[in-house]
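# What the coordinates show
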Amino acid sequence: GESVGLHLPTLSVQEGDNSIINCAYSNSASDYFIWYKQESGKGPQFIIDIRSNMDKRQGQRVTVLLNKTVKHLSLQIAATQPGDSAVYFCAERGGFKTIFGAGTRLFVKA
Amino acid sequence: DVKVTQSSRYLVKRTGEKVFLECVQDMDHENMFWYRQDPGLGLRLIYFSYDVKMKEKGDIPEGYSVSREKKERFSLILESASTNQTSMYLCASSSPTGNNSPLHFGNGTRLTVT
């Protein structure tokens, strides 16, 4: 996942614009990837996942892209809404253990 | 939808107390996990269990123990709470790994040890 630091990377977008949140994962043997959303005072909530035999998967207003060549994962949120404001985590799994990134904080400006 | 319920949202305990954090899931998941979440350190795995009465150490098991007497319930125990155990504790569950299923989290217990 992303390098861990005291301050989360932050992305600020205008309401209605598209958001792209990026993640560099660490283990080339990881074969399953997940994005989570965590709102203030709540636990991480599953958004979308993708297996390593795919490079794109779409959900409702969200798309995950996987580039295994450069070990990069991205989450695209279409028509970002105020309710999308949260911290977003990527996670990778190879075997039993799930490894979480440090997270990106998304601010949505009205 | 999977529901993972943690019995307490907030707890305040004194140093040296024995603390029990309870977690229940309603989806018959085999796997259950306890994480702690701290600013700048992300999510760190304390213990996990892949079956009743089975437990495995995660990355930071020191000062903690767990109990899994029933499939739906996974308890985290702080034998003698210390101030460095002040944290947000998150319980999660999942189907067996081979199904490539995500972790489902509870809403967390914010523990303060004074």
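Conventions we followed
Residues numbered from 1 in each chain as written. Chains lettered and ligands numbered in written order. Predicted model: local features only at pLDDT ≥ 70, side-chain atom pairs only at ≥ 80, totals over all residues. Heavy atoms only, no water. Helix = DSSP H or I, 4+ residues; strand = E, 2+ residues; numbered from the N terminus. Rg over C-alpha atoms; globule rule 2.2 N^0.38 Å. Buried < 20%, exposed > 50% of the residue type's maximum accessible area, 1.4 Å probe, protein only. Contact = heavy atoms within 4.5 Å. Areas by Shrake-Rupley, 256 points an atom, 1.4 Å probe, with all protein chains shown as cover. Lys, Arg positive; Asp, Glu negative; His and termini not counted. Charge placed at Lys NZ, Arg CZ, Asp CG, Glu CD. Salt bridge = Lys/Arg side-chain N within 4 Å of Asp/Glu carboxyl O. Disulfide = S-S within 2.5 Å. Phe/Tyr/Trp six-rings, centres within 6.5 Å; stacked < 30°, edge-to-face > 60°. Buried area = accessible area lost by both parts, 1.4 Å probe. Polar contact = N/O pair within 3.5 Å; in protein donor to acceptor, adjacent residues only side chain to side chain. Core = buried A, V, L, I, M, F, W, Y, C linked by side-chain atoms within 4.5 Å.

### Quick notes on the overall build of chain A
When its secondary structure is counted, chain A shows 0 helices and 10 strands. Ordered by position from the N terminus, the helices and strands of chain A form the series β-β-β-β-β-β-β-β-β-β. The C-alpha atoms of chain A give a radius of gyration of 13 Å, which matches the 13 Å a tight globule of 110 residues would have. Its C-alpha atoms put chain A at 40 × 30 × 25 Å along the principal axes. Burial statistics for chain A: of 110 residues in total, 41% are counted as buried. Taking contacts inside chain A between residues at least 6 apart in sequence as the whole, the part at least 24 apart equals 53%. Of the roughly 5,500 Å² that chain A leaves accessible, carbon and sulfur atoms contribute 49%. Here chain A carries 12 positive and 9 negative side-chain charges, and the mean point of each set is 3 Å from the other.

### Some thoughts on the pattern of salt bridges
Taken as a whole and judged by the stated rule, the model has 10 salt bridges over all chains. Arginine 57 of chain A is the salt-bridge partner of aspartate 49 of chain A, the closest N and O atoms lying 2.3 Å from each other. The shortest N-O distance in the salt bridge between arginine 36 of chain B and aspartate 38 of chain B comes to 2.8 Å. Accessibility classification places arginine 36 of chain B together with aspartate 38 of chain B in one group, the buried group. Through salt bridges that share partners, Asp28, Glu30 and Lys71 of chain B make up one connected network.

### Observations concerning the state of the cysteines
All names here are of chain A. A full pass over the atoms with the stated rule returns 2 disulfides over all chains. Here cysteine 23 is linked by a disulfide to cysteine 90, with a sulfur-sulfur distance of 1.7 Å. Linking cysteine 23 and cysteine 90, the disulfide has an S-S dihedral of approximately 45 degrees and is accordingly described as right-handed. On the criterion of sequence distance, the pair formed by cysteine 23 in strand 2 (residues 19–24) and cysteine 90 in strand 8 (residues 86–93) is long-range, its members being 67 residues apart.

### Concerning the packing of aromatic side chains
If you walk through the whole model with that rule in mind, you get 9 aromatic pairs over all chains. Between phenylalanine 100 of chain A and tyrosine 35 of chain B, the aromatic rings sit 5.5 Å apart at their centres with planes inclined by 90 degrees, giving edge-to-face as the arrangement. You can see phenylalanine 100 of chain A sitting in strand 9 (residues 98–100) and its partner tyrosine 35 of chain B sitting in strand 5 (residues 31–38), one on each of two chains. Each member of the pair, phenylalanine 100 of chain A as well as tyrosine 35 of chain B, is classed as buried. Judged by centre distance (5.9 Å) and plane angle (65 degrees), the rings of tyrosine 64 of chain B and tyrosine 89 of chain B are edge-to-face.

### Describing the interface of chain B and chain A
If you look at the interface, chain B gives 21 residues, while chain A gives 22 residues. At the boundary of chain B with chain A, total buried surface from both sides reaches about 1,900 Å², with 56% on carbon and sulfur atoms. The residue aspartate 59 of chain B makes a salt bridge to lysine 97 of chain A at a minimum N-O spacing of 2.6 Å. If you look at where chain B meets chain A, you find 7 residue pairs in polar contact (both at pLDDT 80 or more). Counting residues per element, the ones that place at least two in the side of chain B that touches chain A are strand 5 and strand 6 (42–49) of chain B. In terms of residue count, strand 5 of chain B provides more of the side of chain B that touches chain A than any other element does, 4 residues in total.

### Here we look at the nonpolar core
In terms of nonpolar packing, the biggest core is built from 20 residues, with Trp34, Ile46, Leu76, Leu78 and Tyr89 of chain B touching the most fellow members. At the level of secondary structure, the elements contributing two or more residues to this core comprise strand 3 (19–21), strand 5, strand 6, strand 8 (64–70), strand 9 (73–78), strand 10 (87–94) and strand 12 (109–113) of chain B. For this core, the element with the most residues is strand 9 of chain B, which contributes 3 residues. The contact partners of leucine 78 of chain B, leaving out residues within four places of it in the chain, are Glu17, Lys18, Val19, Gly63, Tyr64, Gln85, Tyr89 and Leu111 of chain B. Counting residues in hydrophobic clusters, the runner-up holds 19 residues, among them Cys23, Leu75, Tyr88 and Leu106 of chain A.

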